[in-house]
Amino acid sequence: MSESTGPNTDYEAKRKQLSSECLDLCDDFSKFSDECSFLCDAFAAVAREPECITPPTSEGIWHVCYRLKIQIRDYRDKMDKILQGLRDLKPEQPV
């Protein structure tokens, strides 16, 4: 009788989990990239008309930039976690 939860099964489960996390991260990052592109265009438009930079506009720009910085760090941390998981994942050696 073969065991259903052996090293090969654990390896395959971890590989599938890492693959799923990577695909989800790529999808999220693609959406984030689109948002960043839109914001870059918006910031460029504001910079072309400095007279429209009121204190509320300046505060809004700061808030958006801070949020982007936090999101970028979150993506970096998620990528580091996936990469470490891949480094730790060793293919099973044939017996």
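As a reminder, the structure under discussion sits directly above these lines.
Residues numbered from 1 in each chain as written. Predicted model: local features only at pLDDT ≥ 70, side-chain atom pairs only at ≥ 80, totals over all residues. Heavy atoms only, no water.

Participant: Hey, could you go over the overall build of the chain for me, with residue numbers and the actual values?
Facilitator: When its secondary structure is counted, the chain shows two helices and zero strands. Sorting the 95 residues of the chain into buried and exposed places 14% on the buried side. For the chain, the proportion of contacts with a sequence separation of at least 24, taken over those separated by at least 6, is 81%. On the chain, roughly 7,700 Å² of surface is accessible, and the fraction owed to carbon and sulfur atoms is 59%. (Helix = DSSP H or I, 4+ residues; strand = E, 2+ residues; numbered from the N terminus. Buried < 20%, exposed > 50% of the residue type's maximum accessible area, 1.4 Å probe, protein only. Contact = heavy atoms within 4.5 Å. Areas by Shrake-Rupley, 256 points an atom, 1.4 Å probe, with all protein chains shown as cover.)

Participant: Can you lay out helix α2 (residues 55-88) for me, pointing to particular residues and giving the numbers?
Facilitator: In a regular helix each residue adds 1.5 Å, so 34 residues correspond to 50 Å; α2 covers 49 Å between its end C-alpha atoms and thus fits that length. Inspection of α2 places Val64, Leu68, Tyr75, Ile82 and Gly85 among the buried residues, and these make up the whole buried set. (Expected span 1.5 Å × (residues − 1).)

Participant: With reference to specific residues and values, describe the packing of aromatic side chains.
Facilitator: Under the defined criterion, the tally for this structure stands at four aromatic pairs. Centre to centre, the rings of phenylalanine 29 and phenylalanine 32 are 6.0 Å apart; their planes meet at 45°, and the pair counts as tilted. Of this pair, phenylalanine 29 and phenylalanine 32 both sit in helix α1 (residues 7-48), three residues apart, which is roughly one turn of the helix. By relative accessible area, phenylalanine 29 is classed as partly exposed at 41%. Judged by relative accessible area, which is 7%, phenylalanine 32 ranks as buried. An angle of 50° between the planes, with centres 5.1 Å apart, marks the rings of phenylalanine 32 and tyrosine 75 as tilted. (Phe/Tyr/Trp six-rings, centres within 6.5 Å; stacked < 30°, edge-to-face > 60°.)

Participant: Provide a residue-level description of the nonpolar core, including the pertinent values.
Facilitator: Tyr11, Leu18, Leu25, Phe32, Cys36, Leu39, Val64, Leu68, Tyr75, Ile82 and Leu89 form the largest nonpolar core, which has eleven residues in total. Listing elements by their share of this core, those giving two or more residues are α1 and α2. Among the elements that line this core, the one with the most residues is α1, at six residues. Residues within four places of leucine 89 in sequence aside, it is in contact with Tyr11, Lys14, Arg15 and Leu18. (Core = buried A, V, L, I, M, F, W, Y, C linked by side-chain atoms within 4.5 Å.)

Participant: How would you explain the pattern of salt bridges if you had to name every residue and give the values?
Facilitator: One pass over the full model with this rule turns up four salt bridges. Arginine 67 is the salt-bridge partner of glutamate 35, the closest N and O atoms lying 2.5 Å from each other. Pair noted here: glutamate 35 is in helix α1 and arginine 67 is in helix α2, with a separation of 32 residues, a long-range link. The class of arginine 67 is partly exposed, set by a relative accessible area of 38%. A salt bridge links aspartate 74 to lysine 78; the shortest N-O distance between them is 3.3 Å. Placement of the pair is aspartate 74 and lysine 78 together in helix α2, with a separation of four residues, close to one helical turn. What makes aspartate 74 partly exposed here is its relative accessible area of 31%. (Salt bridge = Lys/Arg side-chain N within 4 Å of Asp/Glu carboxyl O.)

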